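Take a look at the letters that make up each chain.
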Amino acid sequence: MFAYGEMPMLEVIAIIATVLAIAIAAVLILAAAKPDTLSVERVIGIRAPPQTIFPLINDFHRWRSWSPYEDRDPALKRSYSGAESGKGAVYAWEGNRNVGSGRMEIPRSSEPAAIVIKLDFFKPFEGHNIAEFTMLPQGDSTRLTWMMHGPAPLMSRVMQVFMDMDRMIGRDFEAGLANLKALSENETMGSPVTQPNAD
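One structure accompanies this document, and this report is about it. Keep in mind the model is a prediction, meaning the values are calculated, not measured.

## Side note on the packing of aromatic side chains
- Enumeration over the complete set of coordinates arrives at 11 aromatic pairs.
- Plain terms: the ring middles of Phe60 and Tyr91 are 5.9 Å apart, the flat faces sit at 40° to each other, and that makes the pair tilted. Highlighted residues: Phe60 in the loop between helix H2 (50-58) and strand E2 (77-82) and Tyr91 in strand E3 (residues 89-94), separated in sequence by 31 residues. The residues Phe60 and Tyr91 share a single accessibility class, namely buried.
- Here the aromatic rings of Trp146 and Phe173 are separated by 4.0 Å at their centres, their planes lie at 10°, and the arrangement is stacked. Of this pair, Trp146 sits in strand E7 (residues 141-151) while Phe173 sits in helix H4 (residues 165-188); the two residues are 27 residues apart in sequence, bridging distant segments of the chain.
- Accessibility expressed as a relative area gives 4% for Trp146, which makes it buried.
- In this structure Phe173 comes out as buried when scored by relative accessible area, which is 2%.

## Quick notes on the sheet that holds E2
- The antiparallel open sheet is built from seven strands, whose spatial order is E1-E7-E6-E5-E4-E3-E2. Each end of this open sheet is capped by a strand with a single partner; those strands are strand E1 (37-46) and E2. Between one strand and the next, the sheet's axes are offset by a mean angle of 15°, whatever the strand orientation.
- The sheet contact formed by strand E6 (residues 127-138) and E7 spans nine bridges and is antiparallel. Across the sheet, Gln138 pairs through a bridge with Ser141, a residue of E7.
- Contacting E1, strand E4 (101-110), strand E5 (114-123), E6 and E7, H2 crosses the sheet at an angle of about 165° to E6.

The rules behind the values
- Residues numbered from 1 in each chain as written.
- Predicted model: local features only at pLDDT ≥ 70, side-chain atom pairs only at ≥ 80, totals over all residues.
- Heavy atoms only, no water.
- Phe/Tyr/Trp six-rings, centres within 6.5 Å; stacked < 30°, edge-to-face > 60°.
- Helix = DSSP H or I, 4+ residues; strand = E, 2+ residues; numbered from the N terminus.
- Buried < 20%, exposed > 50% of the residue type's maximum accessible area, 1.4 Å probe, protein only.
- Pairing = 2+ DSSP bridges.
- Axes fitted to C-alpha atoms, helices over the stretch in contact; angles between N-to-C directions.
- Contact = heavy atoms within 4.5 Å.

Structure follows, in structure tokens:
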């Protein structure tokens, strides 16, 4: 016999399981409604010619001077292979949970206007995207665009239910573009910034 108002444990468990099932179903429905592709783009104006900006991106060794991801793990393991820079250059990394692990390769490099990078993430989540940098001269300045696009698998769409991916990734792009602006403009003014030694 149960006291008045007392609910059997199995009934409580059944209610909790039902609520969880409904919550999971709701998240999956919302995730399914998200686009099956992800695209993030940011643009900045730099008072420097494309020829000054291009090498900073085309050479993976120089990313340590401007990439917003390079300082998130002091013990980050980096490896470089393939071409020294440009088409065929490969950069792989492995680090803590803030950076995970992945690989970048340049399949196309058109000096000094555009660079295409094949971007593969392995940890903490697998993902495969294309990053593109384009440099468009505008008088004595350059319009630099950093764009990333690719498929959005189910896990990515589930994450989008809880966070704004464009805002999160875009904030990093903005920081990287600001660093490229400072480096390029300092170099154009005759005060080049010292580059850190690559591993």
